[in-house]
2 protein chains.
Amino acid sequence: MLKKIREKRDQLNKSERKVADTILLNPSVVTQLSIAALAKSAGVSEPTVNRFCRSFLSKGFPDFKIQLAKSLVSGSLFVTRSVEKNDSAEQYTDKIFTSTIATLDAARKQVDVEAIATVVDHLVQAKQIAFFGLGASGSVARDAQHKFFRFNLPVVAYDDVLMQRMVAAASHTGDVIVIISYTGRTKDLVEIAQLANSTGATVVGITLENSPLAKVCPVVLSVPHVENTDIYMPMISRLTQLTLLDVLATGVTLKRGEGFHQHLDKIKQSLQSTRYAIEEK
Amino acid sequence: MLKKIREKRDQLNKSERKVADTILLNPSVVTQLSIAALAKSAGVSEPTVNRFCRSFLSKGFPDFKIQLAKSLVSGSLFVTRSVEKNDSAEQYTDKIFTSTIATLDAARKQVDVEAIATVVDHLVQAKQIAFFGLGASGSVARDAQHKFFRFNLPVVAYDDVLMQRMVAAASHTGDVIVIISYTGRTKDLVEIAQLANSTGATVVGITLENSPLAKVCPVVLSVPHVENTDIYMPMISRLTQLTLLDVLATGVTLKRGEGFHQHLDKIKQSLQSTRYAIEEK
DNA sequence: CCTAGGTAATAGTTTAGCTACAGTCGGTTC
DNA sequence: GAACCGACTGTAGCTAAACTATTACCTAGG
């Protein structure tokens, strides 16, 4: 909402711009103001305010206030500020959780659902699935392996370049290779993607949109750009990758349908003896 | 807000209870109703509605509507429903992202900030840091290793029981051992925690509150219980663990202060040559 | 059974918001 | 350069919505 106002501000005539500025200056108090009070503090007349509200798809001023109030909440949830030098434990804890949540929310909004469906289709039919990642994304690849293994799929993961290169070169049609890289600018991975492409394997990239890696992958699940490009960036982008893999795993499970929970139960039971029983209350 | 109304409902007299029920029945449309319309559909008089609103710390009906609208937004963000059999790609994608976000938000609210601060203190002074996890939590441990390594700390990670046992047995005062397990009911890990305790090492558990593991760890970072205890549970709990580790890493970085960014820059530069340059626009 | 207290509804008053109308300012064309 | 047209802003008036106060009725207690 505030974003909308900001975008539209330049197209407004000068009285309405005054209203916009007044609202942007302190949106939260505006929700408690009457139309007269707002008009006065913006230095315009009441109908001007009314017209302003209507130009934002509102039925009138009260309606506008409600919409504004709503947007303030969802806004404030995602107001991410970077961690600063003298932050207390409470402050940096909250900031990191908040920006993590904000990033996931951004990812949720920009996920390409069709790409998800396509990738799921490929995975369900795959003869062999391989996850490739380096560095932090290597852990993500290994995690994906665990997850898909639980779902009884022929899966491997590699976090070293040589193995990745060999597997890519030895792949065939029907194999799916998922390459994970936040920046999508690691030369080795781009080359490996091209190599795998040439063998007929299906290559899926989980990476930044328009990155070199994205350009050579036939199917791409894009990860949103993380705002704070400082130290904490790789930490947060990784969570988005993991969540996307969760989505894929879920999609595959659903596609394979019944009879499948039996398999999961088997795994669960196999772990039973390693664990302490849940205490009865 | 809705929660407040639900809690207070039983203390209300019957007319006001009618109002409460009407609102709970369909909160979102109430935000567009006038006091008269709401009174009519609840079958009571207008002042009754007004009194009702005032009893919820509102200045009046319009104010109440705004508060309600606000709470509806934050509520709807976290309404998590489990994935169902015939969900479309769009549906399950959204559900997984939503419940992931909800879980992180829950974690944010229940994080023990003092425990974070304590663990950070231990980590900063640690001679050696070890992360232990098995299965899915093994990936988390390895990821933690990557992260702390970037921050120039003496860190190792193990995802097999034998190595963990040996390292625990060989630990000393000043070593920090972080044990990661969602359920906290894996026998081996509990035994390893006890073993490490006896050597004087500082043992930190990242696990469910009140779990067997939590009980033997002097310091515990608790992970909230995940609602949907079906297939998807381990996937989501893992993200909370990762985020907690992000928080710890950040805390440690802040504590160590300046001079430290130089170290990070060095690492960044060392990766430079493996990457494609960012294109100029 | 009567009285008192509390709750709810109705009516009235005040205030807020919307609409219609008018005037002024600015721009363009003759 | 002047006049006309069009648009934007403000003023005034009306409608409606909400809050307050008063009255009546019901219930509970003495």
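The coordinates are above.
Now for a look at the structure at hand. Predicted, not measured: the structure shown is a model, and the values here were computed from it.

**Focus: the pairing of strand β3 (residues 175-180) of chain A**
All names here are of chain A.
Link 1 in the chain: In terms of residue burial, β3 counts as a mostly covered element, since 6 of its 6 residues are buried.
Link 2 in the chain: Two strands pair when backbone bridges link them, and strand β1 (residues 128-133) and β3 are joined in this way by 6 bridges, in the parallel orientation. Residue A130 lies in a different strand from β3, and its bridge partner there is I177.
Link 3 in the chain: Bridge analysis of β3 against strand β4 (residues 202-208) gives 5 bridges, and the strand direction is parallel.

**Overview of the protein's contact with DNA strand C**
Link 1 in the chain: For DNA strand C, the set of nearby residues contains 17 residues, the closest of which are I35, N50 and R54 of chain A together with S45 and P47 of chain B.
Link 2 in the chain: Near the protein, within 4 Å, the atoms of DNA strand C are sugar or phosphate in 70% of cases.
Link 3 in the chain: The side chain of S45 of chain B places a nitrogen or oxygen atom 2.7 Å from a phosphate oxygen of DNA strand C.
Link 4 in the chain: T48 of chain B places a polar side-chain atom, nitrogen or oxygen, 3.2 Å from a phosphate oxygen of DNA strand C.
Link 5 in the chain: When residues of the surface near DNA strand C are traced back to their parent elements, those giving at least two are α4 (35-42), α5 (46-54) and α6 (61-77) of chain A together with α5 (46-54) of chain B.
Link 6 in the chain: With 4 residues, the top contributor of residues to the surface near DNA strand C is α5 of chain A.

**Topic: unusual backbone geometry**
All names here are of chain A.
Link 1 in the chain: A positive phi angle, close to 65 degrees, is found at N210, a residue other than glycine.
Link 2 in the chain: Relative to the helices and strands, N210 is located in the loop between β4 and α12 (212-216).
Link 3 in the chain: With a relative accessible area of 58%, N210 lands in the exposed category.

**Focus: the protein's contact with DNA strand D**
Link 1 in the chain: Contacts to DNA strand D come from 17 residues, most closely from S15, P47 and R51 of chain A together with I35 and N50 of chain B.
Link 2 in the chain: The side chain of S15 of chain A places a nitrogen or oxygen atom 2.4 Å from a sugar or linking oxygen of DNA strand D.
Link 3 in the chain: Within the side chain of R54 of chain B, an N or O atom sits 3.1 Å from a phosphate oxygen of DNA strand D.
Link 4 in the chain: Counting only elements with at least two residues in the surface near DNA strand D, the list comes to α2 (14-25) and α5 of chain A together with α4 (35-42), α5 and α6 (61-77) of chain B.
Link 5 in the chain: Here the surface near DNA strand D is built from residues that sort into 7 nonpolar, 7 polar and 3 charged.

Definitions and limits used
- Residues numbered from 1 in each chain as written.
- Chains lettered and ligands numbered in written order.
- Predicted model: local features only at pLDDT ≥ 70, side-chain atom pairs only at ≥ 80, totals over all residues.
- Heavy atoms only, no water.
- Buried < 20%, exposed > 50% of the residue type's maximum accessible area, 1.4 Å probe, protein only.
- Helix = DSSP H or I, 4+ residues; strand = E, 2+ residues; numbered from the N terminus.
- Pairing = 2+ DSSP bridges.
- Near = heavy atom within 4 Å.
- Polar contact = N/O pair within 3.5 Å; in protein donor to acceptor, adjacent residues only side chain to side chain.
- Nonpolar A, V, L, I, M, F, W, Y, C, P; charged D, E, K, R; others polar.

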